Amino acid sequence: IPDDSAGIRSSRVFSATVTMSISPLRMGIDLGGTKIAGVVLDAAGVEVCRERLPTPQGDYQLTLQALAGLVARLEDRAGQPCSVGVGMPGSVSRATGLVKNSNSVCLNGQPLHRDLEALLERPVRFANDADCFALSEAVDGVAAGAAVVFGVIIGTGTGGGLVVNRQLVSGPNGISGEWGHNPLPWPQPEELPGPACYCGLHGCIETWLSGPGLARDHRAVHGVTMEAVTVAQCAELGDTRALATMQRYMDRVTRALASVINIIDPDVIVLGGGVSNFRRLYAAVPSRWGEYVFSDRVDTRLVAAQHGDASGVRGAAWLWP
């Protein structure tokens, strides 16, 4: 990988003194398919600086250079070295050390972890973007103080993350929280076998609850093509077809989250992503999930993310203690 960037060289100077900072700063980077966001937080979680840039589409080497350059510029603005955490689609395989399951396909099969550490000449911590979302909300977000937190991002896909006592749980396979690739629980006859999923199976929760899944259901039932967020907005305005779609959607969310409660019994479930802005979810789903949860009552709280779109990048920063 060519290194002809003065900014990258300056970050290497910083790296030599990273452990000497009196007031340590944490940098989080959210590596997305279309944008890369970076933020620096102080010890109290207060934002020091941030930057956002487009992701080099489909180019692994340029993505590496963009990440390294972003680190250098943010450290220059912060005035001192930072620990670096990266949230990303997919995860780093423990078996191979290579990226797997990323919808940014140029990352798959690449040693992103090793390559970025080599460029920066320091350790870097990586986690799935949904894991970072959950960690952010558990550390200093809406679920701060809760012992067990399950975070859900509902957007283009449907990801999840599990945090216990402010510690991210990744599991031996690195897939803790991947509820979106389980089958939709208690399916209705008309929901079988379910839509095909890119993972190779049918009827995964993601195919029903993701934004494209909601839009597909609206189109299939009502013959109207619109984005998921638009369906939710129309439902808020009283459109009868959109309301019917959102009723089906909320029933599926209820069943999907009830299965999570039955397995891990979280104190709080935090929702993020575009569809999480549909306010009726937060009353309708908890009012119904008792039908499916194996308990005499359900005390789990369902809440919207406090930090919104910034949760992922903040959680990446919190990957370092």
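The structure we're discussing is the one just above.
Residues numbered from 1 in each chain as written. Predicted model: local features only at pLDDT ≥ 70, side-chain atom pairs only at ≥ 80, totals over all residues. Heavy atoms only, no water.

Caption draft 1: Highlighting the sheet that holds strand β7 (residues 125–128). On the basis of which strands lie adjacent, the open sheet formed by five strands has the order β3-β2-β1-β4-β7 and mixed pairing. Looking at the sheet topology across the chains shown, the edges are occupied by β3 (47–54) and β7. Averaged over all pairs of adjacent strands, the angle between their axes in this sheet comes to 15 degrees, without regard to strand direction. Pairing analysis gives six bridges linking strand β1 (residues 25–31) to strand β4 (residues 82–88), with the strands arranged parallel. Along β4, the bridge assignment pairs R26 with S83. Packing of helix α2 (residues 60–78) onto the sheet brings it into contact with β1, β2 (35–41), β3 and β4, and relative to β3 it is tilted by some 155 degrees. Relative to the sheet, helix α3 (residues 112–120) contacts β1, β4 and β7, its axis offset from that of β7 by approximately 145 degrees. (Pairing = 2+ DSSP bridges. Helix = DSSP H or I, 4+ residues; strand = E, 2+ residues; numbered from the N terminus. Axes fitted to C-alpha atoms, helices over the stretch in contact; angles between N-to-C directions. Contact = heavy atoms within 4.5 Å.)

Caption draft 2: The sheet that holds strand β8 (residues 148–154), seen in detail. Spatial ordering of the open sheet is given by β10-β9-β8-β11-β12, a layout of five strands whose pairing is mixed. Each edge of the sheet is formed by a strand with only one pairing partner; in this case those strands are β10 (167–169) and β12 (301–304). Averaged over all adjacent pairs, the angle separating strand axes in this sheet is 30 degrees, with direction ignored. Sheet topology places β8 next to strand β11 (residues 268–272); five bridges connect them, and they run parallel.

Caption draft 3: Focus on the nonpolar core. By size, the foremost hydrophobic cluster in this structure holds 36 residues, and its most contacted members are W179, Y249, L257, I269, L281 and W289. Looking at this core, the elements with two or more residues in it are β8, α5 (205–209), α7 (228–236), α8 (240–264), β11 and α9 (281–288). Among the elements that take part in this core, α8 stands out by supplying 10 residues, more than any other. Those residues in contact with L281 that lie beyond four places of it in its chain are Y249, M250, V253, L271, V275, P286 and L302. In this structure, L53, L74, L112 and L116 belong to the second largest nonpolar core, which totals 30 residues. (Core = buried A, V, L, I, M, F, W, Y, C linked by side-chain atoms within 4.5 Å. Buried < 20%, exposed > 50% of the residue type's maximum accessible area, 1.4 Å probe, protein only.)

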